[in-house]
Amino acid sequence: MFHKEGGKIILIATSATVVIFLLSHKFSSPSMPWMEKAIQIITLVLLLLVLQFFRNPNRSIIPNSKVVLAPVDGKVVVIEEVYEEEYFKDKRLQVSIFMSPINVHVTRYCMSGKVKFSKYHPGKYLVAWHPKASTENERTTVVIENSEFGEVLYRQIAGALARRIVNYAVEGTQVTQGDDAGFIKFGSRVDMFFPLGTKIDVQLQQNAVGNQTVITSKA
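Residues numbered from 1 in each chain as written. Predicted model: local features only at pLDDT ≥ 70, side-chain atom pairs only at ≥ 80, totals over all residues. Heavy atoms only, no water.

Moving on: the overall build of the protein chain. The secondary structure content of the protein chain amounts to three helices and 13 strands. For the protein chain, the residues scored as buried account for 47% of the 219 residues in total. Intrachain contacts of the protein chain at a sequence separation of at least 6 include 72% that bridge at least 24 residues. (Helix = DSSP H or I, 4+ residues; strand = E, 2+ residues; numbered from the N terminus. Buried < 20%, exposed > 50% of the residue type's maximum accessible area, 1.4 Å probe, protein only. Contact = heavy atoms within 4.5 Å.)

With that out of the way, let us pick up the packing of aromatic side chains. Within the structure shown, the criterion is met by two aromatic pairs. With centroids separated by 5.1 Å and ring planes inclined at 85 degrees, the aromatic side chains of Tyr-87 and Phe-88 adopt a geometry described as edge-to-face. Relative accessible area serves as the criterion here: at 13%, Phe-88 is assigned to the buried category. Between Tyr-87 and Phe-117 the ring centres are 5.2 Å apart and the planes differ by 45 degrees, which places this aromatic pair in the tilted class. Taken as a pair, Tyr-87 in the loop between strand S2 (74-84) and strand S3 (90-99) and Phe-117 in strand S5 (residues 113-121) lie far apart in primary sequence, 30 residues in all. With relative accessibility at 17%, the residue Phe-117 sits in the buried group. Among the aromatic side chains, those forming a connected cluster through ring pairs are Tyr-87, Phe-88 and Phe-117. Here Arg-92 stacks its cationic end above the ring of Phe-88, 3.7 Å away from the centre of that ring. (Phe/Tyr/Trp six-rings, centres within 6.5 Å; stacked < 30°, edge-to-face > 60°. Lys NZ or Arg CZ within 6 Å of the ring centre and 35° of its normal.)

It is worth spelling out the sheet that holds strand S4 (residues 106-108) at this point. Ordered by their spatial adjacency, three strands build an open sheet running S4-S10-S8, and the pairing between neighbours is antiparallel. Of all the strands in the sheet, just S4 and strand S8 (165-167) have a single pairing partner and so form its edges. The average undirected angle you get between the axes of adjacent strands in this sheet is 20 degrees. (Pairing = 2+ DSSP bridges. Axes fitted to C-alpha atoms, helices over the stretch in contact; angles between N-to-C directions.)

In this section: the side chain of Ser-96. Within the fold, Ser-96 resides in strand S3. Using a relative accessible area of 0% as the deciding quantity, one classes Ser-96 as buried. At 2.7 Å, the side chain of Ser-96 and the side chain of Gln-94 are in polar contact. Separated by 2.5 Å, the side chains of Ser-96 and Asp-191 make a polar contact. Contact partners of Ser-96, with chain neighbours within four places excluded, come to Lys-75, Val-76, Val-77, Val-78, Arg-189, Val-190 and Asp-191. (Polar contact = N/O pair within 3.5 Å; in protein donor to acceptor, adjacent residues only side chain to side chain.)

The final tally for this structure, using the stated rule, is 10 salt bridges. Close ionic contact of Glu-84 with Arg-155 constitutes a salt bridge, the shortest N to O distance being 2.9 Å. You can see Glu-84 sitting in strand S2 and its partner Arg-155 sitting in strand S7 (residues 150-158), a full 71 residues away along the chain. This pair shows no difference in class: Glu-84 is buried, exactly as Arg-155 is. A salt bridge links Arg-155 to Glu-86; its shortest N-O distance comes to 3.0 Å. Note that Arg-155 is positioned in strand S7 and Glu-86 in the loop between S2 and S3, a separation of 69 residues in sequence. (Salt bridge = Lys/Arg side-chain N within 4 Å of Asp/Glu carboxyl O.)

A separate point is unusual backbone geometry. The phi dihedral of Lys-89 is positive, around 55 degrees, even though this residue is not glycine. You can see Lys-89 is positioned in the loop between S2 and S3. Phi at Asn-211 takes a positive value of approximately 70 degrees, unusual for a residue other than glycine. Among the secondary structure elements, Asn-211 is positioned in the loop between strand S12 (207-208) and strand S13 (214-217).

Moving on, we come to the sheet that holds strand S6 (residues 139-146). In any sheet, the strands associate via hydrogen bonds between backbone groups, in a parallel or an antiparallel arrangement. The eight strands lie next to each other as S9-S5-S6-S7-S11-S3-S2-S12, forming an open sheet whose pairing is antiparallel. Where the open sheet ends on each side, the last strands, each with one partner, are strand S9 (174-175) and S12. Examined bridge by bridge, S2 and S3 share nine bridges and lie antiparallel to one another. For Lys-75, the partnering residue across the bridge sits in S3 and is Phe-98.

What follows is the structure, encoded as structure tokens:
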């Protein structure tokens, strides 16, 4: 199953692969038969990379108001107290998940609630683990509020390879935990911000799985 955001790119990549296969066969040299196979193999590998990047595994869940789930797949690279300057304008506990190009890049709503804030920011394309990526890179900021956790902010951040962030969150709407919230194309990071004192249920360097790994929970 592939994400809808990859439809156009997958179609172009597949069409290009077919054309390259046909041309490499037509213009192949009898003296270098290996050249045709090499071109076809490289082209096929590139197509498979595109297909795996836009994969969207079915992870349907029953929403649970007592937990905040990981919004994306990736490695937990930051758990620290920071000053959040865009929305809260106070100190918060930040949890960051870094996605490599081989991770699933679908963003899912980490909890159910009302979208209080949703804003896109153009910016730079620093590597996603750079300390300033959260405030200087292209990004979107979304705040969801519910009765269990109050306001939770998550931020989609473009990386050095990412050139488009897709965000489905619309201010004033109700969203459901686990539903698609957007997509980040080709390498990125997601930051989450919680009130100080929040019990975090993941550890640094842990591999998180979107819609499955619990970031924080209520007893």
